[in-house]
Amino acid sequence: VRGLFGPRTAIFTYLASGTQMFTIGVVNAWIPSYMGRYYGLAPDKAAMQAAVVVLVAGIGIIICGWGVDRLGQRDIRNRLRVPALFAITTCVLLVLAFALPPGPVQYALILAGVLFAGGQVGAAPTVIVDVTHPGLRATALATLVLSHNLIGFAPGPLIVGALSDRFGLKFALNVAPIVCLAAAAFFLLASRHYKRESGRFEEPADSAPVHA
């Protein structure tokens, strides 16, 4: 337990990445219903539009991961600072999107928002591995996935569903991305400790001879 939760970088990264997954879980769960209710689409067409949203989110994970790799070469703290920027960007774009009436502009902003929503998916495991003992890295990555589900994927759709029942789905989706600001704060807190805690554990050298 000390090895998993001892580094402050790891603790804040668990919280940050899990919190950011809140928005992805919400969008994945509720965008088909939103398309049906507010765009008047039949279930098959609503599902198709929702699939495009999910696809763009997946593409964004790759693009954002590439960006983190490039900027992380300048300063390793960018592995956490850049995902913080992605989280803020997600919040701004999605809050603006769901504040607008349904239409092409709103849909374009939704796509732009989800493009950055999973920007930490590649960066967070990299950071966790860097501050965790080699003998615990698989467990640490499993803990990261658990945080995604406990903090993000599981409660997100449930909370938005409760808000939708009381205030309407549009309002619920409008306020849900504000959670991304908490994720950004956690990423920035993690970055304050990362440089000091990174690279403490080296991979064990392989002493076995190499045969041709």
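Reading the values: the criteria
- Residues numbered from 1 in each chain as written.
- Predicted model: local features only at pLDDT ≥ 70, side-chain atom pairs only at ≥ 80, totals over all residues.
- Heavy atoms only, no water.
- Helix = DSSP H or I, 4+ residues; strand = E, 2+ residues; numbered from the N terminus.
- Buried < 20%, exposed > 50% of the residue type's maximum accessible area, 1.4 Å probe, protein only.
- Contact = heavy atoms within 4.5 Å.
- Areas by Shrake-Rupley, 256 points an atom, 1.4 Å probe, with all protein chains shown as cover.
- Lys, Arg positive; Asp, Glu negative; His and termini not counted.
- Charge placed at Lys NZ, Arg CZ, Asp CG, Glu CD.
- Expected span 1.5 Å × (residues − 1).
- Arc of directions from axis to C-beta.
- Salt bridge = Lys/Arg side-chain N within 4 Å of Asp/Glu carboxyl O.
- Axes fitted to C-alpha atoms, helices over the stretch in contact; angles between N-to-C directions.
- Left-handed = near helix turned anticlockwise from the far one by under 90°.
- Nonpolar A, V, L, I, M, F, W, Y, C, P; charged D, E, K, R; others polar.
- Core = buried A, V, L, I, M, F, W, Y, C linked by side-chain atoms within 4.5 Å.

Topic: the overall build of the chain
For step 1, the next point in the chain: Scanning the chain from terminus to terminus reveals ten helices and zero strands.
For step 2, the next point in the chain: Counting helices and strands in the order they occur from the N terminus, the chain gives α-α-α-α-α-α-α-α-α-α.
For step 3, the next point in the chain: With respect to the principal axes defined by its C-alpha atoms, the chain has extents near 65 × 40 × 30 Å.
For step 4, the next point in the chain: Per-residue burial for the chain yields a buried fraction of 44% across its 212 residues.
For step 5, the next point in the chain: For the chain, restricting intrachain contacts to residue pairs at least 6 apart in sequence, the fraction spanning at least 24 positions comes to 78%.
For step 6, the next point in the chain: Carbon and sulfur atoms provide 67% of the accessible area of the chain, an area that totals close to 10,700 Å².
For step 7, the next point in the chain: In the chain, 16 positive and 9 negative side-chain charges are present, and the distance between their average locations comes to 10 Å.

A few points about helix H7 (residues 137-153)
For step 1, the next point in the chain: With 17 residues, H7 extends 23 Å between its outermost C-alpha atoms, agreeing within 8% with the 24 Å of an ideal straight helix rising 1.5 Å per residue.
For step 2, the next point in the chain: Among all positions in H7, only Arg137, Ala140, Thr143, Leu144, Ser147, His148 and Gly152 are buried. Taken around the axis of H7, the buried residues stretch over an arc of 155 degrees, which confines them to a single face. Turned more than 90 degrees off the buried face of H7, the exposed positions are Ala138 and Leu150.
For step 3, the next point in the chain: Residues of H7 that are buried in the fold lie against helix H1 (2-5), helix H2 (8-38), helix H6 (123-130) and helix H8 (155-167).

Description of the pattern of salt bridges
For step 1, the next point in the chain: For the coordinates displayed, the defined rule picks out four salt bridges.
For step 2, the next point in the chain: For Arg81, the salt bridge goes to Asp75, with nearest N and O atoms at 3.8 Å.
For step 3, the next point in the chain: By relative accessible area, which is 35% here, Arg81 ends up partly exposed.
For step 4, the next point in the chain: Here Asp75 falls in the buried class, since its relative accessible area comes to 16%.
For step 5, the next point in the chain: Two residues, Asp130 and Arg79, come together in a salt bridge whose shortest N-O distance is 3.7 Å. A residue pair is termed long-range when its members are at least 10 positions apart, and Asp130 in helix H6 and Arg79 in helix H4 (residues 78-99) qualify at 51 residues.
For step 6, the next point in the chain: Taking the relative accessible area as the measure of exposure, Arg79 reaches 23% and is therefore partly exposed.

So, the packing of H2 against helix H3 (residues 43-72)
For step 1, the next point in the chain: For the pair H2 and H3, interaxial distance at closest approach is 8 Å and the crossing angle is 145 degrees. Crossing of H2 against H3: the hand is right-handed. Counted together, Val27, Asn28, Ile31, Pro32, Met35 and Gly36 of H2 and Ala46, Gln49, Ala50, Val53 and Val54 of H3 form the full contact between these two elements.
For step 2, the next point in the chain: When its residues are assigned to classes, the contact of H2 with H3 shows eight nonpolar, three polar and no charged.

Quick notes on the nonpolar core
For step 1, the next point in the chain: Formed by 26 residues in total, the largest nonpolar core has its most connected members in Val26, Ile31, Val53, Phe98, Val160 and Leu173.
For step 2, the next point in the chain: When contributions to this core are tallied by element, the ones reaching two or more residues are H2, H3, H4, helix H5 (104-117) and helix H9 (169-175).
For step 3, the next point in the chain: In terms of residues, this core owes the most to one element, H2, which gives seven residues.
For step 4, the next point in the chain: Phe12, Ala87, Ala184 and Tyr194 belong to the second-largest nonpolar core, a separate cluster that totals 21 residues.

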